[in-house]
Amino acid sequence: MAAAPRKIEIDAWRNLVFPNEIRKFRKQRNIGSLLELAEQIPDLTYIRLSKIERGEVFARTAELRAIAAALHVAPADLLIDIDKPAFDIGNWAEPIVGSDHVDPESDRIAVLIAAAVRARRAADDALTISVLEEEYGIAPVILSRIENAHKPFDRWNDDVRKALRRLLGAKDDSALIAEVGALHADGKLDDMLPLVANPRSRIAKTRARIAALRKELAATGDSGAETGADTASPRPAAPPAPRIVPAPSREPIETPVLEGPVPVLDAAAPAALPAAEAPPPKGHSTTVRLVPVYGSALPDGLLARTPTDALVEAPRGAGPRTYGLRIGRSTLGPGLPGRAILVVDPDRFPSAGGLAVIEQDEGLRVIAITFDRQGQTLGFSLNPDIEVALDAVDPARVASVLSAIFE
């Protein structure tokens, strides 16, 4: 009698390897969004900071120090002792993942595919990482996410699903799902399943890395006592926020004000940005440009360019077609709250680490920008979980986000 296949053990929190206190202290300091915090840490991109706060990647020691300095706490205070009885990864993750939980069946399929790919590679020494990239088009960073079941199969784009079908010898998606199910039923994935989505492996890795961070901080005198909100240094006063005013017309207008230059939160910091002009002497007037605000919600995280009754200040040097976009919901996760207006410049192309708005047939989509290991530009959103190969998009349909204003 054949042995029963190994039970599939699914770690629902496998993507969250670095629980930390960044979000807690950010909220205590009344820093309402991750973009606002990123503005205070110029050497850390918004995307990297978002992944650290969300626990998706481990912070480096220097990054931890920079974040702690912006939050006015000791670096060690940002670390969590996951072995404390009071710690619960589910409770910690709730503000981050909210109700966006993956369907259990989708999770099961992702784990089986991860184990099947690992088994396929283990059975064929010729299937190196470079071969998978060159012959199957699966980049190393994508392969890592597949083999660790970091994303449901149906959320991968057509190219990745096609590559997986070819790798595992399936004619279509349904056949692929049936194939990995059969491999599991025959016990052929038993050796690989413990390597995928295993909570004990995640916990051990988290424990070891946090211990190493504590040691590195202690070696430089940054171990710090526990710091609460009432003992930390007060947060410096924020600069005046750009104004949002009712719109008497749809055309950009200019009006003199007796203030310094409009504060700019550069999400992308493109190289083509003109040098900042020196602020005028106090009491002298400068010009503030107001541009129309658009935005209403569409399905699938998209936005319609619907006129609103507001105008918003544009940063100095913004292009002639700059406009405001009210996003209304948090498609990029907690780091960019839904109650925000993005200032968008269609005449600038975004750079990695920033945000962009792309014009799709159904509407506008806000995405965060990064590079893969081959230098290709990728855009992604979290809600819904979508990736866009930005190099394949007509540049005329891509606009850079210059700043964000939180309502």
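Predicted, not measured: the structure shown is a model, and the values here were computed from it. (Residues numbered from 1 in each chain as written. Predicted model: local features only at pLDDT ≥ 70, side-chain atom pairs only at ≥ 80, totals over all residues. Heavy atoms only, no water.)

Caption draft 1: Seen up close, the packing of aromatic side chains. In this structure the tally under the stated criterion is two aromatic pairs. Centroid distance Y294 to Y323: 5.9 Å. Interplanar angle 80°. Geometry classified as edge-to-face. Taken as a pair, Y294 in strand 3 (residues 286-297) and Y323 in strand 5 (residues 323-326) lie far apart in primary sequence, 29 residues in all. By relative accessible area, which is 14% here, Y294 ends up buried. Looking at Y323, the relative accessible area reads 4%, which means it is buried. Across the ring face of F25, the terminal group of K24 is positioned such that the distance to the ring centre comes to 4.7 Å. (Phe/Tyr/Trp six-rings, centres within 6.5 Å; stacked < 30°, edge-to-face > 60°. Helix = DSSP H or I, 4+ residues; strand = E, 2+ residues; numbered from the N terminus. Buried < 20%, exposed > 50% of the residue type's maximum accessible area, 1.4 Å probe, protein only. Lys NZ or Arg CZ within 6 Å of the ring centre and 35° of its normal.)

Caption draft 2: Representation of the pattern of salt bridges in the model. Considering all chains together, one arrives at 24 salt bridges under this definition. With a shortest N-O distance of 2.6 Å, D11 and R202 are connected by a salt bridge. Taken together, the residues D11 in the segment before helix 1 (22-28) and R202 in helix 11 (residues 199-219) connect sequence positions 191 residues apart. Since its relative accessible area comes to 4%, D11 is described here as buried. The partner of D385 in a salt bridge is R155, and the shortest N-O contact between them spans 3.8 Å. Taken together, the residues D385 in the loop between strand 9 (377-381) and strand 10 (386-389) and R155 in the loop between helix 8 (140-147) and helix 9 (158-168) connect sequence positions 230 residues apart. Note on D385: relative accessible area 19%, which makes it buried. (Salt bridge = Lys/Arg side-chain N within 4 Å of Asp/Glu carboxyl O.)

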